[in-house]
Protein chains: 2
Amino acid sequence: MAVKIGLLGFGTVASGIPFLLKENGEKIRAAAKDKIEIAKILVKDDDEKNRLLAAGNDYHFVTDVDAIIKDPDISIVVELMGRIEPARTFIEAALAAGKHVVSANKDLLAVHGAELLAVAKEHRAALYYEAAVAGGIPILRTLANSLTSDKITRILGVLNGTSNFMMTQMVDEGWTYEAALAKAQELGYAESDPTNDVEGIDAAYKAVLLSQFGFGMTIDFDQVLHQGISTITPDDVAVAQELGYVIKLVGDIRETPSGIAAEVSPTFLPKEHPLASVNGVMNAVFVESIGIGESMYYGPGAGQKPTATSVVADIIRIARRLHDGNVGKSFNEFVRETQIAHPSDVKSAYYFAISTPDKRGQLLRLAQIFNSEAISFGQVLQQRANGDTARVVIITHSLSRTQLSNVLEKLEEVADFEVLNTFKVLGE
Amino acid sequence: MAVKIGLLGFGTVASGIPFLLKENGEKIRAAAKDKIEIAKILVKDDDEKNRLLAAGNDYHFVTDVDAIIKDPDISIVVELMGRIEPARTFIEAALAAGKHVVSANKDLLAVHGAELLAVAKEHRAALYYEAAVAGGIPILRTLANSLTSDKITRILGVLNGTSNFMMTQMVDEGWTYEAALAKAQELGYAESDPTNDVEGIDAAYKAVLLSQFGFGMTIDFDQVLHQGISTITPDDVAVAQELGYVIKLVGDIRETPSGIAAEVSPTFLPKEHPLASVNGVMNAVFVESIGIGESMYYGPGAGQKPTATSVVADIIRIARRLHDGNVGKSFNEFVRETQIAHPSDVKSAYYFAISTPDKRGQLLRLAQIFNSEAISFGQVLQQRANGDTARVVIITHSLSRTQLSNVLEKLEEVADFEVLNTFKVLGE
Ligand SMILES: NC(=O)c1ccc[n+]([C@@H]2O[C@H](COP(=O)([O-])OP(=O)(O)OC[C@H]3O[C@@H](n4cnc5c(N)ncnc54)[C@H](OP(=O)(O)O)[C@@H]3O)[C@@H](O)[C@H]2O)c1
Ligand SMILES: NC(=O)c1ccc[n+]([C@@H]2O[C@H](COP(=O)([O-])OP(=O)(O)OC[C@H]3O[C@@H](n4cnc5c(N)ncnc54)[C@H](OP(=O)(O)O)[C@@H]3O)[C@@H](O)[C@H]2O)c1
């Protein structure tokens, strides 16, 4: 008897599932100990259904979600519609009906994951979502199953393919942000409204999920600081390169003595750092831990087949547990009380690009301000003047978020200084 | 009630286990659903036992393996002695006594794995060995648990830290093989007899295990071609660099229409290939598959803490299954009939460095020989003459192993040609 699944939505990712079931059927069947069969697929309306049938898709399409949720033969519901509603309502109903659920919906899971997991637990149903973080990279299950023996101290990730594609163009080709965005849109990597990708929102969703699997703590989406790449200029990119760095949008979750801190921000990575060579639409998750030390998991962060592969891995896992009679185990069992780090414990080196009047004594004034917050300089570069203003670039030694906001406030007060950009610097 | 483990051997890796049990006790206990306790440790003799006790190691040391194997309270035996015997006999006895076994012994598992797994199966005991391949990188469990949905077509790996450290010195610093080896020995990376590391034997053991997890096929150790790094000269390294490649010792397992082929050999990697930036003692496993496409798993391939982390991950897994009442599942369940590829199906581009007489017409003679085997040239470099001989470097287009041995035979027949080196080239 086959394990019957119902798909909610038949877009990019969902339509990659039949490919795997066909091309890798034998291995999947052996791993699941059962054939996996797409029993029904929910689509929006009859037009869509007819369009899909006409295009040769030989599936049982339905337009009412109850046809799936109330079908006693279907044991796994696979949500691949995206967005919050109605996905949330459908998943909840499926879990309540005792179905196991697989989803790739990071937005939903990052914001409403806790509620959904509670419903799953109540009904002893599985809710798995490997594809929600870094698409094809099997990072969540690896954190949950292999890194159990290790204590993770920091996770750094290139978690958004679109912005990483853009940063790669900006770094390797010297393109402006605008040119890189236009190219990403032309290639279909960026949507017409690219906000989620370029402002670090998508990566912040993933940081929420990584904080749960890596640190056992549920940090709220609102507690993940996020800064996007839209303010990065060719000047920033050039000076980074000159100093031996590559700028990338990096998600950063770490544990400090007072708790965990998560943020997504453009980051100066030393050229030799393994994340520095993660280019184009590829993603990678870099893990620092007390046992392994440093490890990295690299692969495509999106795309039909890679994402469907993670979805099918979840389906197999559930099917196998159904066969073994031990289904319902949480995807992530590592749970501790959530404690958010105090800003004074969250420390990094920083890059400052500051516009100053083009006259003598400016560096001294700057040094005095930074010094008053006990911040010392690692490297200073006085750049070419531009009219009456000069551009000063500073890479500091390590400072805390508290020191950072204090010094920014003080710089703000000086009318003829303008802070052009501030980015985190790794490896100082 | 705690899960009691017995260690066989208390060397480098084994003595890293207490560190993790102490520093990560809470997480490990939560994951295993039980405390893990080192009940007894087998050492060689009383001298060793007294030395360890005097050094402050507060464990129950024993010198007779039966004290562990016949102890009904011990459920997991952790073999970290290395070598074939007596490890093999001890593991077999432990399994036969119904103990679950964790090992990091790649030599043993690559050569006698099938027999040991049969004993394990017979006694419904688990035999796990995550640490046997790429030390701290959780690659075997990831292949077994996550890449089940995917069909792997090729695995490429930098699998030996010692030789990779040496290659990094040879590439980045232009060192000779001899200088790199001396440095590796000085730093304790290479043993006084470095054969296993530098001749690709250690990597070949790992290739055997990867072929099982990645392709479901058990290739014999003897069927893994292996070629070491000792013949690589600064000339080879320099010309690789000039042409945009980095040379590394790479394990390569792939499926062809007629079956699988595994080999370990110095390989020209394009500079942009993710494996090309795996430097020093780090390892990485690069997976090509029909679903994910390309993914890579990177981390330390050896060392006390990383390796112990993989060992403890296996212990947790068994402890958890003991708790859940479903212990005994094979580490790797993916099994197909083994078929070894026909040499004519195993294709790559190749680098040839050939010494020829320093006179006109040599390139034509070479071209005729290659052409007679239907091998075409991608790049040709005529290098500086050295006395009466010139050095010709050829990078071919793709050719099969059959073509390779044929052309080498023909070149051999020409008295005044000498093939200095032949290496595989990736990405042609
Ligand atoms: N694409 C990737 O590479 C990737 C990677 C990782 C994670 N994900 C996640 O995977 C999920 C699916 O992504 P996708 O790229 O496959 O999106 P998509 O191509 O937009 O597919 C979603 C499909 O669901 C349909 N749909 C929406 N609401 C529906 C409803 N109420 N009833 C029935 N069908 C409905 C959509 O129809 P309409 O087009 O008519 O609205 C569309 O066909 C999202 O959560 C996404 O974040 C995607
Ligand atoms: N070290 C790594 O980074 C690493 C990485 C991956 C896998 N591994 C594997 O892990 C295993 C252990 O490696 P290791 O580096 O920890 O080796 P090691 O430091 O040499 O430790 C082995 C220990 O076992 C002892 N031993 C040998 N035969 C014994 C016997 N019959 N009874 C009791 N004790 C015995 C040895 O004692 P003597 O010293 O007195 O012989 C030594 O203390 C090996 O299979 C190795 O291939 C190691």
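Throughout this document, residue positions are counted from 1 along each chain, in the order its sequence is written. The naming scheme follows written order: chains are lettered A onward, ligands numbered 1 onward. Reporting in this predicted model follows two pLDDT cut-offs: at least 70 for local features of residues, and 80 or more for side-chain atom pairs to be given and counted; totals over whole chains, interfaces and linings ignore these cut-offs and use all residues. Side-chain descriptors were evaluated using all non-hydrogen atoms of the structure, hydrogens and water having been removed beforehand.

An unreviewed UniProt entry lists chain A under the name Homoserine dehydrogenase, with Streptococcus pantholopis as the source organism. UniProt positions are given in the numbering used here, feature names are shortened, and annotations may be inferred rather than shown by experiment. As recorded by UniProt, the Catalytic activity (unreviewed entry) comment attached to chain A reads in full: "L-homoserine + NADP(+) = L-aspartate 4-semialdehyde + NADPH + H(+)".

Draft legend 1. Local environment of the packing of helix 5 (residues 87-96) of chain A against helix 6 (residues 106-122) of chain A. Residues and elements named next belong to chain A. Axis angles are defined between N-to-C directions and span 0 to 180 degrees, where every axis is a line fitted to C-alpha atoms and, for a helix, only to the segment in contact. Only DSSP runs of H or I reaching four residues or more are called helices, and only runs of E reaching two or more are called strands; each is numbered from the N terminus. Running from amino to carboxyl end, helix 5 crosses helix 6 at an angle of 20°, the nearest separation of the two axes being 10 Å. Looking at the two axes, helix 5 sits roughly parallel to helix 6. Here helix 5 and helix 6 pass one another in a crossing that is right-handed. Residue-level inspection shows Ala87, Arg88, Ile91, Glu92, Leu95 and Ala96 of helix 5 in contact with helix 6, the latter providing Leu108, His112, Glu115, Leu116, Val119 and Ala120. In terms of residue class, the contact of helix 5 with helix 6 is built from 8 nonpolar, 1 polar and 3 charged. Comment on the angle field: the value is read as roughly parallel under 35 degrees, roughly antiparallel over 145, roughly perpendicular from 65 to 115, and oblique elsewhere. By definition, turning the near helix anticlockwise from the far helix through less than a right angle yields a left-handed crossing, and turning it clockwise yields a right-handed one. Between two residues, a contact is recorded if the distance between any of their heavy atoms is within 4.5 Å. Side-chain classes are defined by residue name, with Ala, Val, Leu, Ile, Met, Phe, Trp, Tyr, Cys and Pro counting as nonpolar, Asp, Glu, Lys and Arg as charged, and the others, Gly among them, as polar.

Draft legend 2. Representation of the site of ligand 2 in the model. Residues and elements named next belong to chain B. The cutoff for a nearby residue is simple: one of its non-hydrogen atoms must lie within 4 Å of the molecule or strand. Looking at ligand 2, there are 19 residues lining it, with Thr12, Val13, Lys44, Ala302 and Gly303 nearest. Residues adjacent in sequence count toward polar contacts only when both atoms are side-chain atoms; beyond that, a polar contact is any pair of N or O atoms within 3.5 Å, and within protein one must be able to donate a hydrogen and the other to accept it. Between Thr12 and ligand 2, the recorded distance is 2.8 Å, taken from a side-chain N or O atom to an oxygen atom. Take Gly303: an N or O atom from its main chain is 2.7 Å from an oxygen atom of ligand 2. Counted by class, the shell around ligand 2 contains 10 nonpolar, 7 polar and 2 charged residues.

Draft legend 3. How the structure looks around the site of ligand 1. Residue and element names in this part refer to chain A. Around ligand 1, 19 residues are found, and the nearest of them are Thr12, Val13, Lys44, Ala302 and Gly303. Residue Thr12 places a side-chain N or O atom 2.8 Å away from an oxygen atom belonging to ligand 1. Taking Gly303, its main chain carries an N or O atom lying 2.7 Å from an oxygen atom of ligand 1. Look at ligand 1: alone it shows 890 Å² of surface, and the protein chains cover 71% of it. Its residues placed into classes, the shell around ligand 1 shows 10 nonpolar, 7 polar and 2 charged. The Shrake-Rupley method, run with a 1.4 Å probe, gives the accessible areas here. Residue values count only the displayed protein chains as cover.

Draft legend 4. Spatial organisation of the pattern of salt bridges. What counts as a salt bridge is simple: a side-chain nitrogen of Lys or Arg found within 4 Å of a carboxyl oxygen of Asp or Glu. In total, this model carries 44 salt bridges over all chains according to the counting rule given. Linking Asp66 of chain B and Lys70 of chain B is a salt bridge whose minimum nitrogen-to-oxygen distance equals 3.7 Å.

Draft legend 5. Region of the structure containing the UniProt feature "binding site: NADPH" (unreviewed entry) in chain A. All names here are of chain A. With numbering aligned to this structure, UniProt lists the feature "binding site: NADPH" (unreviewed entry) at Lys106. With respect to the element layout, Lys106 can be found in helix 6. Overall, the relative accessible area of 22% leaves Lys106 in the partly exposed class. Ignoring any residue separated from it by four or fewer positions in sequence, one finds Lys106 in contact with Ala132, Asp202, Tyr205, Lys206 and Leu209. For the exposure calls, accessible area comes from a 1.4 Å probe over protein chains only, and a residue counts as buried if that area is under 20% of its type's maximum, exposed if over 50%, partly exposed in between.

Draft legend 6. Expanded view of unusual backbone geometry. Residues and elements named next belong to chain A. The omega torsion of the bond from Glu85 to Pro86 falls at 0°, within 30 degrees of zero and hence cis. Phi is positive for Arg83, which is not a glycine, with a value near 65°. Its location among the elements puts Arg83 in the loop between strand 4 (74-79) and helix 5. The backbone of Ala134 shows a phi angle near 55°, a positive value even though the residue is not glycine. Checked against the element boundaries, Ala134 lands in the loop between strand 6 (127-128) and helix 7 (139-145).

Draft legend 7. Seen up close, the side chain of His100 of chain B. Residues and elements named next belong to chain B. Summarising the element assignment, His100 is placed in strand 5 (residues 100-103). By relative accessible area, which is 6% here, His100 ends up buried. A polar contact is formed between the side chain of His100 and the backbone nitrogen of Ala126, at a distance of 3.0 Å. Those residues in contact with His100 that lie beyond four places of it in its chain are Ser75, Ile76, Val77, Arg124, Ala125, Ala126, Ile318, Leu322 and Val327.

Draft legend 8. Layout of the domain arrangement of chain A. Residue and element names in this part refer to chain A. Segmentation of chain A into domains returns domain 1 (3-135 + 304-324), domain 2 (139-299) and domain 3 (343-425). Measuring from the centre of the C-alpha atoms in domain 1 to the corresponding centre in domain 2 gives 28 Å. The partner domain 2 presents 14 residues to the 14 residues of domain 1 that form the contact. When two parts are put together, the accessible area they lose, computed with a 1.4 Å probe and summed over both, is reported as buried area. Roughly 1,300 Å² of surface becomes buried between domain 1 and domain 2 when both sides are summed, with 65% attributable to carbon and sulfur atoms. Contact with domain 2 buries area across many residues of domain 1, yet Ala110, Glu130 and Val133 alone supply 40% of it, more than any other trio. If you look at where domain 1 meets domain 2, you find 2 salt bridges. Here Lys106 and Asp202 are joined by a salt bridge, their closest N and O atoms 3.8 Å apart. One can count 4 residue pairs in polar contact (both at pLDDT 80 or more) joining domain 1 with domain 2. Secondary-structure elements contributing two or more residues to the side of domain 1 that touches domain 2 are helix 6 and helix 13 (304-324). Of the residues forming the side of domain 1 that touches domain 2, the biggest block, 5 residues, is contributed by helix 6. These domain boundaries are the output of an automatic or database domain assignment.

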